[in-house]
Amino acid sequence: MLVYVKRTWQALLFVSLMFSAICVAQNVDAAQQQYIIFQKQQIASIYVDSNTDPLIKWAVEQLCNDLAAITGMRPSMLQTQKVQGAGIYIGQNSEVLLQHSTALNSEVGDKLQGAWESFSLSVQGQNLVLAGSDVRGTVYAVFELAERLGISPWTWWADVKPLVQAELILILNDGDSFQSPSMQYRGIFLNDEDWGLQPWAAKTFEKEVGDIGPRTYEKIFQLLLRLKANTIWPAMHPSTQAFFTIAGNQQMAERYHIVLGSSHAEPMLRNNVGEWDHAKLGDYNYFTNSQKINTYWQTRVDELGSNESIMTLGMRGVHDSHMEGSSSIEQSVAMLEQIIATQRQMLSQTLKQKISDIPQVMIPYKEVLELYQQGLVIPDDVTLMWTDDNYGYIRRFSEGQELQRSGGGGVYYHLSYWGRPHDYLWLSTTQPSLIWYEMSKAYANGAQKMWIANVGDIKPAEYNMELFLDLAWNIDSIKADSITQHLERWATREFGHKVALKVAAVMNEYYRLAMLRKPEYMGWSQTEPTTQTQISDFNDSEASNRISAYNKLVEQVDTLVKLIPTQRRSAWFQLVEYPVKAAAAMNNKFLYQQLFTNSEQPSQQAVYKHKALQAYAQIEQLTLQYNQLEQGKWQHMMSMSPRNLPVFKPPAFDFVKASTSAQIDLSRTWYLAANQFSRHYQSAEFQWQVIQQLGYSAGAMTLSPFNIQHFTEQKPWLEYELNITQAGDYQLELRFLPTHANDYQHEVEVSVNDKLIGTAALNTQGRSTEWKTNVLRNSQLVTLPFSVKKSGVHKIRVAVNQSGIVLDQLAVYPQGQTSQYEIPLLSDKNKIN
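Note that the structure is a prediction, hence the values are computed from the model and not measured. (Residues numbered from 1 in each chain as written. Predicted model: local features only at pLDDT ≥ 70, side-chain atom pairs only at ≥ 80, totals over all residues. Heavy atoms only, no water.)

Visitor: Provide a residue-level description of the side chain of Gln 198, including the pertinent values.
Guide: One can find Gln 198 in helix 5 (residues 197-205). A polar contact of 3.3 Å, which involves the side chain of Gln 198, links it to the side chain of Asp 211. A polar atom in the side chain of Gln 198 sits 3.3 Å from the backbone oxygen of Ser 239. Look past the residues within four positions of Gln 198 in its chain and what remains in contact with it is Glu 193, Gly 210, Asp 211, Ile 212, Ser 239 and Thr 240. (Helix = DSSP H or I, 4+ residues; strand = E, 2+ residues; numbered from the N terminus. Polar contact = N/O pair within 3.5 Å; in protein donor to acceptor, adjacent residues only side chain to side chain. Contact = heavy atoms within 4.5 Å.)

Rendered as C-alpha cells:
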C-alpha cells in the first residue's frame, strides 16, 4: 500500500502490512532511488557520528524504537567517524562521518552548507544518507524517515500505535530528497489550559510537580520536533505556574533545542500573571514604576543562559489587557516606543550582540494594532507579527514598505480561543481550508518569518495543528485544489487506505457544518458579558435537517470503526469519534430542545425532550470514555464544559415558543454556490480561484494570487444565471467570508441584467456587534432588492474592488420572505440547461 507522505508529495514508500496484501516495489523508475530498510528479517544498521549532538542521538534512538515497533527487530545504532559498511548514515553535513567520507554527495553537502534547519534524504551507493544542515535539521530528517515508514507524529499524543509491517522499501523520487523550511520560526502557544492540559498534567501525568512541568514539556517538545516545529510559547494562565519558575522547564527546552518565546501579553519572556507580584513590586505601570519593571525584565534576560529565544517586545497589561497608566492614544504610542528602545538596549548589552542579530518580535494585537495604525514606530529589524481576529480571519497584512522590513513578518493565529463573543475551547472545528487560505494569504503578503498557532490544550486540535505546521514547514505542499488530499493522506497514515477517503469525507462535513455554527455557539449565548442560552435562529425545518446531517455523520463513524485496526481504536476515538459524536450531540441537545419548545403536540414534545436529554447524556458518556482511554492515560484532559459556560449545561424546557416558523416559497427561492458561476472577468495578473472545501458551500471563490491588490476601473467579477420563473420583487442575498482589509474598504458592486442594483461595504472595525454576528456564523451578509418584470434567465453579476474578498453563497427569494439562517447546498433546480 502507499503510505501517507507529508510535505513531499512525490515521495513514495511501499510497505507490506501484515493486515493487507504484500506489496513489493517493482519497476522502479530511473529517476527514483530505492533503499531496502527491512526485508526477509534483515534490517539495516544505523550509523551516527560519535561526536554528534545528544539530541541527534536521541532522535536516532527514537527511530530505532520506531523500527522495532513496526518490524519486530531493533536496528543496531553504531557510533563512528568513518563509513564501516552498508547502512543508514545520519548526521550534520559538517560532521566528520559525513564530511570526510563517501557517504555524503558533495552536491547535497553544498546545498546544506549554512542553511537553516534543512536536510536531505538520499541513496548513495549502498547507503541511505540522512544529512542535516544543523542539529534540528538532522533531527527533522530522522523523523521524516520515521513518518515515511508509517510512524505517526501522534504515536504518543494520540495513541496512533505502530502497525507491524513485513518489509520496508523506501523509494525517493528525483529531486525530493532536499527540504528546507518556508518559515524560520514555527510553533505553538499553549493557552487557556485550565480545563485540559493543566489539570491533566497536575493530576495524571506529572503529579510530582502538580502542574505543567518538565516531563509534560518534554513530551510537547518531542511532538514539536516530529512535526518539524521549533518554537514554544509556554502555558501562562493563572492556573499554571510560570514556565521559568518550575525547575527543569528551561533546561528541557535547551535539551530539545526548542526556541523559547512568549505571547503578546508577556514581553521579555515574563509571565506577568504568575510572576508580577503586585504586593511587592507595585503597579504594573511604566509611567509610575519603570525602574522596578526594568529590573523585572532584566532579571529574566540574565536567566536565559544558553537558551535559544525570540523576544517579544512592547508592553500591555498584566494579562490580556491594555497598558496601564495612559490617558490617550498619543501618550500610549510615545511610551511604547520608549519601552521598546529600553528593552532593545537591555538585550544588546546583556547578550553582548548587535541588536539586529537578536531575534525579536512585536505583536500588534487588539489595542496595540490601533496604536500601530496611529503611528507607532517599530524598529526595522523586529519581526512584525500580525494576528487574526481570534476567529481565524487575519486582521492585517504587510504591504508597501512593511514588506521590506529586515525583521520580516509573522502571524499569531487562533485554533482555540477564550473570549467574546464566545469561546471555542472544547472541540477543534476551524475549517482546514480557512486555515490554508488565511495562512497562504499571509505568506503571500510577507509573513515569512514566524508563525505561531494558539492550540489551547493541543488535544483535540491535533489535525489542525499539524496542518498549520505543515504549511509553516512547506507553504507549497498544499494547494487550493489539494486541501482534501492532505486530509486524505493524514487519514491514510492514521487509519489505513481502506477507510481514508471516507474518513476525510466525514471530517470535511464535520468542519463544514461547524462553519455555519460551531458546537460551542449552538446555545446562541455569548460571553464577556455572559448571557444565557436561547432558541436558535434556525427555523424548525433547518433544525431538523441539521439534526439529520449530524446523525448521518454519526452513522458513518459507527460503520467505519469496524474497519479500523484494533491497535488504532483509541486513536480513532480521540481523532474522529469523540469530536464528531460530541458535536452531533451538542447540536441535537439544542435543536431538539427548540423543536420541543415550538411543538404543540404533547406526544411529540415528549419525544423531543427525551432526545435532548439523551444528547446531553451522550456528551457525558463520551467525555467519560475519553478520560478513561489507555487505562486512564488521558484522565482530566477532556472537559465537556470549559469555563462552565451556559452552553454546556443540560437542556432546559422553559423557553417561550418562537414566532411562527418562516414560510419558504420554494418555487420562488433559488440557492447558488459561489463556484456555480456562468461567466467571469479577471485580469492577467489576478484570476478567480475555487478554494477546495472553503466556506459552507465547500467551494468559495476568491482572487489568486493572494497579494493585496486594489481594482478601480476594470474590476473582476463573477456572473450567475438564474431561471426565475415568476415576475415580481425579489431579494438577493450574498454571503461572504468575514475577511479583513488593511484599509477596511472591501466593497462589492452588484448588478442584475447589467443594471447596478447596489454597492456594499464588507468590513467591520474592532469588536462591533456586526463583527460578533459575522464570526459566529462565518459570514458577512449583503442583501439587495431587485425586481423582475418577466420570467426567464436573469444575470447576477458581483464585482470586487480588492483581492481578499471571498464569496461563498448566493440566494434569491421573494421580498418579504424571511432570510434563512442556512443557505442549503446546491440543488438541481439551480442548474441552467
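Text resumes after the structure shown.
Visitor: How would you sum up helix 14 (residues 462-473)? Please name residues and give values.
Guide: Look at helix 14: 16 Å from first C-alpha to last across 12 residues, which is about the 16 Å you get at 1.5 Å a residue. In terms of burial, helix 14 is a largely internal element, 12 of the 12 residues being buried. (Expected span 1.5 Å × (residues − 1). Buried < 20%, exposed > 50% of the residue type's maximum accessible area, 1.4 Å probe, protein only.)

Visitor: Describe the sheet that holds strand 26 (residues 755-761), with residues and values.
Guide: Read across the sheet, five strands follow the order 20-23-28-25-26 without closing on themselves; strand pairing throughout is antiparallel. Each edge of the open sheet is held by one strand with a lone partner, namely strand 20 (679-681) and strand 26. For this sheet, the mean inter-axis angle between neighbouring strands, taken without regard to orientation, is 20°. Pairing of strand 25 (residues 747-752) with strand 26, which is carried by six bridges, proceeds in the antiparallel orientation. If you follow Val 752 over to strand 26, its bridge partner there is Lys 755. (Pairing = 2+ DSSP bridges. Axes fitted to C-alpha atoms, helices over the stretch in contact; angles between N-to-C directions.)

Visitor: Before we move on, can you summarise the pairing of strand 9 (residues 165-173) with the specific residues and values?
Guide: Extensive coverage of strand 9 is indicated by the burial of eight of its nine residues. Bridging between strand 2 (residues 32-39) and strand 9 involves six bridges; their strand directions are antiparallel. Residue pairing for strand 9: Phe 38 is matched across the bridge by Leu 168.

Visitor: Can you explain unusual backbone geometry? Please cite residues and give values.
Guide: If a residue is not glycine, its phi is most likely negative; likewise, a peptide bond is most likely trans. Backbone torsion omega between Lys 459 and Pro 460 reads 5°, so that peptide bond is classified as cis. Turning to its location among the elements, Pro 460 is positioned in the loop between strand 18 (450-456) and helix 14. Following Glu 528, the chain continues to Pro 529 via a peptide bond in cis, the omega torsion being 5°. As for its position among the elements, Pro 529 is in the loop between helix 16 (500-516) and helix 17 (540-560). Although it is not a glycine, Asn 753 sits at a positive phi angle of roughly 55°. Relative to the elements of secondary structure, Asn 753 occurs in the loop between strand 25 and strand 26. In this model, Asp 754 sits at a positive phi of 70°, which is unusual for a non-glycine residue. By the element assignment, Asp 754 lies in the loop between strand 25 and strand 26.

Visitor: Mind laying out the packing of helix 14 against helix 15 (residues 483-495), listing which residues take part and the relevant values?
Guide: At their nearest, the axes of helix 14 and helix 15 sit 12 Å apart, and the two run at 120° to each other. It follows that helix 14 is oblique to helix 15 by the angle criterion. Helix 14 and helix 15 meet at a crossing whose hand is right-handed. Residues Tyr 463, Glu 466, Leu 467 and Asp 470 of helix 14 lie in contact with helix 15, whose contacting residues are Ile 483, His 486, Leu 487, Trp 490 and Arg 493. Classifying every residue of the contact of helix 14 with helix 15 gives five nonpolar, one polar and three charged. (Parallel < 35°, antiparallel > 145°, perpendicular 65-115°, else oblique. Left-handed = near helix turned anticlockwise from the far one by under 90°. Nonpolar A, V, L, I, M, F, W, Y, C, P; charged D, E, K, R; others polar.)

Visitor: Explain the confidence of the model for the chain residue by residue, including any values.
Guide: Segments scoring low in pLDDT should not have their predicted coordinates read at a detailed level. The predicted model of the chain averages 93 in pLDDT, with 94% of residues at 70 or higher. Confidence drops under pLDDT 50 across residues 1-27; counting only partners more than four residues distant or on other chains, this segment forms 89 contacts. Counting contacts from residues 827-833, a segment whose pLDDT is below 50, to residues more than four positions away or on other chains yields 12 contacts. (pLDDT = per-residue confidence, 0-100.)

Visitor: Tell me about the sheet that holds strand 15 (residues 360-362), and please be specific about residues and values.
Guide: In space, the eight strands of this open sheet follow the order 13-12-11-18-17-16-15-14, with parallel pairing throughout. Bordering the open sheet on either side are strand 13 (259-260) and strand 14 (311-312), each of which pairs with just one other strand. Inspection of the sheet shows strand 14 paired to strand 15 by two bridges, in the parallel sense. Of the residues in strand 15, the one forming a bridge with Met 311 is Gln 360. The sheet contacts of helix 13 (residues 432-444) involve strand 17 (409-414) and strand 18, and relative to strand 17 the element is tilted by about 165°.

Visitor: Quick one: what's the story with helix 1 (residues 54-71), residue by residue and with numbers?
Guide: Over its 18 residues, helix 1 extends 26 Å from the first C-alpha to the last, a length consistent with the 26 Å expected when each residue adds 1.5 Å. Within helix 1, the full set of buried residues consists of Leu 55, Ile 56, Trp 58, Ala 59, Val 60, Leu 63, Cys 64, Asp 66, Leu 67, Ile 70 and Thr 71. For helix 1, the N-terminal capping position is held by Asp 53, with its side-chain oxygen 2.8 Å away from the main-chain nitrogen of Leu 55. Positive phi appears at Gly 72, one or two residues downstream of helix 1, with a value of about 85°.

Visitor: So what about the packing of aromatic side chains? Which residues, and what values?
Guide: All told, the structure shown has 52 aromatic pairs when counted by the stated rule. Taking the centre distance of 5.1 Å and the plane angle of 65° together, the rings of Trp 276 and Tyr 284 count as edge-to-face. With respect to class, Trp 276 is no different from Tyr 284; both count as buried. Centroid distance Tyr 391 to Tyr 424: 5.5 Å. Interplanar angle 45°. Geometry classified as tilted. Here Tyr 391 is found in the loop between strand 16 (383-387) and strand 17, whereas its partner Tyr 424 is found in the loop between strand 17 and helix 13, with 33 residues between them in sequence. Pair check on accessibility: Tyr 391 and Tyr 424 agree, each one buried. Feature note: the residues Trp 156, Trp 157, Trp 200, Phe 205 and Trp 634 constitute an aromatic cluster, connected by ring pairs. (Phe/Tyr/Trp six-rings, centres within 6.5 Å; stacked < 30°, edge-to-face > 60°.)

Visitor: Quick one: what's the story with the pattern of salt bridges, residue by residue and with numbers?
Guide: For the coordinates displayed, the defined rule picks out 38 salt bridges. Ionic pairing is found between Asp 320 and Lys 366, a salt bridge with its closest N-O pair at 2.9 Å. Of this pair, Asp 320 sits in the loop between strand 14 and helix 11 (329-351) while Lys 366 sits in the loop between strand 15 and helix 12 (367-373), and the two are 46 residues apart along the sequence. Judged by relative accessible area, Lys 366 falls into the partly exposed class, the value being 26%. In this structure, Arg 420 engages Glu 528 in a salt bridge whose closest nitrogen and oxygen atoms are separated by 3.5 Å. In this pair, Arg 420 is assigned in the loop between strand 17 and helix 13 and Glu 528 in the loop between helix 16 and helix 17, connecting sequence segments 108 residues apart. What you see here is one network of salt bridges that share partners, running through Arg 679, Glu 719, Asp 754, Lys 795 and Arg 797. (Salt bridge = Lys/Arg side-chain N within 4 Å of Asp/Glu carboxyl O.)

Visitor: I'd like to hear about the environment of Asp 357, residue by residue, with values.
Guide: You can see Asp 357 is positioned in the loop between helix 11 and strand 15. Once the C-alpha coordinates of Asp 357 and Asp 381 are considered, the two residues, 24 residues apart in sequence, prove to be 8.5 Å apart.

Visitor: Would you mind going over the environment of Glu 206 in detail, with residue names and values included?
Guide: Residue placement: Glu 206 occurs in the loop between helix 5 and helix 6 (214-226). Owing to a relative accessible area of 1%, Glu 206 belongs among the buried residues under this scheme. Taking the C-alpha atoms as reference points, Glu 206 and Thr 216, separated by 10 residues in sequence, lie 6.9 Å from one another. Every residue in contact with Glu 206, bar those within four places of it in the chain, is listed here: Ala 201, Asp 211, Ile 212, Gly 213, Pro 214, Arg 215 and Thr 216.

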